[in-house]
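The residues making up each chain are set out below.
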Amino acid sequence: MLDLVWPDDHPKLDALLRRAAQRNCRGEIRLQSRKGASLSVHLSLNPLRLDSTRAVCLIASDLSETKRAEQELRASSDQAQKSGEYARAIVETIHEALVVVDSECRVLTVNRTFCNLFRVSLQGMEHQSFFGLGAGQCNVPQLRELLQDILSKGTQIKDFELDQDFPAIGSRRLVLNARQIDESKTILIAIEDFTERKQAQEEAEKSQATIRALLESTPQSVVAVSADEKIVLANGNTEKMFGYSREELLGQPLDILVPENVRAGHVKHRRAYFANMQSRPMGIGLNLVGRRKDGTNFPVEIGLSAIETAAGKLAVAFVSDITQRRQLEEAGRARGEEIQALAASLL
């Protein structure tokens, strides 16, 4: 018998045999297979008396499969624990506020971002209703209906916008997305705070509206051109001055506003300006001419400026129609010649 027992377990077997001489007992030991492998067995030891001889009955049960199953279960449990820890770590690093609710819309858990956003604690939110007037709660009946539809109809919530005044954090613009978690009766709700982004968007829209109002109020034609020499902006006076609608101008090459006989030279000047952009008058000492939609030409003065945008640099031309000035200059010159002629005839 001892030859079959794992050497380290000899003392354990001796102890079991001594105990079994007095009463029934049980224990585990390891046996050694022919190949030298360790086999775990469960021993049941019962004292016997055969005539005048005392003996012990040993019943051995192989525990190898049980041990293997325990090891696999332990490994699976460890892996599940690690997976859960990984999942929790990922959830805590997500910038969106996350909340899990049950079928009654009671909060099961929230992440750190949720707590920071609404200034609440995990313990304070657990088992509370997601709906109400308190911190971290919503007060939108339509959202409750949509959440119920997720479990009853298998729907999802995408980009649901919510404006609400919350305790501690005030008025907020939130965007919610929600879906069912696998086959459970629970819902994951992701909340993103769009308040600052919305305010920035509104400020940008106000700024753009102010700029548009300024452009429309100037008596000059204002034309902005991109680096690829396409018109990207034109104000109302551009329409009046050149006869094109704004829709006809946008996306077109600037050459449609330039007489055909000077277009080749104008391209060179334009490219030179994009290489060294600065605010300055255009064509000092030159007689600049614009071309209307009907093909007629008229004298112009042009001031150039450069602006940086998210889409790149733009050249902005401020164009003035100087037809009346030229007419007055011609009339003044003609009048001067008449006076000179009259003075000469009197001498």
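Residues numbered from 1 in each chain as written. Predicted model: local features only at pLDDT ≥ 70, side-chain atom pairs only at ≥ 80, totals over all residues. Heavy atoms only, no water.

Trainee: Which residues make up the overall build of the protein, and what are the values?
Mentor: Of the regular secondary structure elements, the protein holds 10 helices and 14 strands. Here the C-alpha atoms of the protein give a radius of gyration of 45 Å, more than 25% beyond the 20 Å that 2.2 N^0.38 yields for 347 residues. By its C-alpha atoms, the protein is 175 × 55 × 35 Å across when sized along the principal axes. Counting over 347 residues, the protein shows a buried share of 31%. A fraction of 36% describes how many contacts in the protein between residues 6 or more apart in sequence connect residues 24 or more apart. About 22500 Å² of surface is accessible on the protein, with carbon and sulfur atoms providing 52% of the total. If the 45 positive side-chain charges of the protein are averaged to one point and the 47 negative ones to another, these points end up 5 Å apart. (Helix = DSSP H or I, 4+ residues; strand = E, 2+ residues; numbered from the N terminus. Rg over C-alpha atoms; globule rule 2.2 N^0.38 Å. Buried < 20%, exposed > 50% of the residue type's maximum accessible area, 1.4 Å probe, protein only. Contact = heavy atoms within 4.5 Å. Areas by Shrake-Rupley, 256 points an atom, 1.4 Å probe, with all protein chains shown as cover. Lys, Arg positive; Asp, Glu negative; His and termini not counted. Charge placed at Lys NZ, Arg CZ, Asp CG, Glu CD.)

Trainee: Tell me about the pattern of salt bridges, and please be specific about residues and values.
Mentor: It is possible for side chains bearing opposite charge to pair when their charged atoms get close. Per the stated rule, a full pass over the model turns up 18 salt bridges. Connected through salt bridges with shared partners, the residues E229, D255, R270 and R271 form a single ionic network. (Salt bridge = Lys/Arg side-chain N within 4 Å of Asp/Glu carboxyl O.)

Trainee: Describe unusual backbone geometry, listing the residues and the values that go with them.
Mentor: Residue R119 is not a glycine yet carries a positive backbone phi of 60°. Along the chain, R119 turns up in the loop between α3 (112–118) and α4 (122–125). Classification of R119 by relative accessible area gives exposed; the value is 59%. In the Ramachandran plot, A168 falls in the positive-phi region, its phi being about 75° despite a non-glycine side chain. Its location among the elements puts A168 in the loop between β6 (157–166) and β7 (170–180).

Trainee: Mind laying out the packing of aromatic side chains, listing which residues take part and the relevant values?
Mentor: Aromatic rings considered in pairs are described by the distance between their centres and by the relative angle of their planes. Tallied over the entire structure, the rule returns 4 aromatic pairs. Aromatic pair F114 and F118: ring centres 4.7 Å apart, planes at 45°, arrangement tilted. Pair noted here: F114 and F118 are both in helix α3, with a separation of 4 residues, about one helical turn. Grouping residues by exposure puts F114 and F118 together as buried. (Phe/Tyr/Trp six-rings, centres within 6.5 Å; stacked < 30°, edge-to-face > 60°.)

Trainee: So what about the environment of D255? Which residues, and what values?
Mentor: Within the secondary structure, D255 is located in the loop between α8 (246–249) and α9 (263–275). A relative accessible area of 19% places D255 in the buried class. A C-alpha to C-alpha distance of 8.7 Å links D255 and E229, two positions 26 residues apart in sequence.

Trainee: Requested: an account of the sheet that holds strand β8 (residues 187–193), with residues and values cited.
Mentor: Taken in spatial order, the 5 strands make up an open sheet running β5-β4-β8-β7-β6, and their pairing is antiparallel. For this open sheet the edge positions go to β5 (107–110) and β6, each flanked by a neighbour on one side alone. Pairwise comparison of adjacent strand axes, ignoring direction, gives a mean angle of 30° for this sheet. Across the sheet, helix α5 (residues 141–153) is in contact with β6, β7 and β8; its angle to β6 comes to roughly 145°. Relative to the sheet, helix α6 (residues 195–217) contacts β7 and β8, its axis offset from that of β7 by approximately 120°. (Pairing = 2+ DSSP bridges. Axes fitted to C-alpha atoms, helices over the stretch in contact; angles between N-to-C directions.)

Trainee: Break down the nonpolar core for me, citing the residues and quoting the values.
Mentor: Of all hydrophobic cores here, the largest spans 31 residues; its most connected members are F130, L143, L147, I189 and I191. Core analysis: the next-biggest nonpolar cluster, separate from the first, contains 23 residues, M241, I256, L304 and V319 among them. (Core = buried A, V, L, I, M, F, W, Y, C linked by side-chain atoms within 4.5 Å.)

Trainee: Would you mind going over helix α1 (residues 10–20) in detail, with residue names and values included?
Mentor: Burial in α1 covers these residues: L13, L16 and A20. Projected down its long axis, α1 shows its buried positions confined to an angular sector of 60°, all on one face. Across from the buried face of α1, at angles greater than 90 degrees, the exposed residues are P11 and R18. (Arc of directions from axis to C-beta.)

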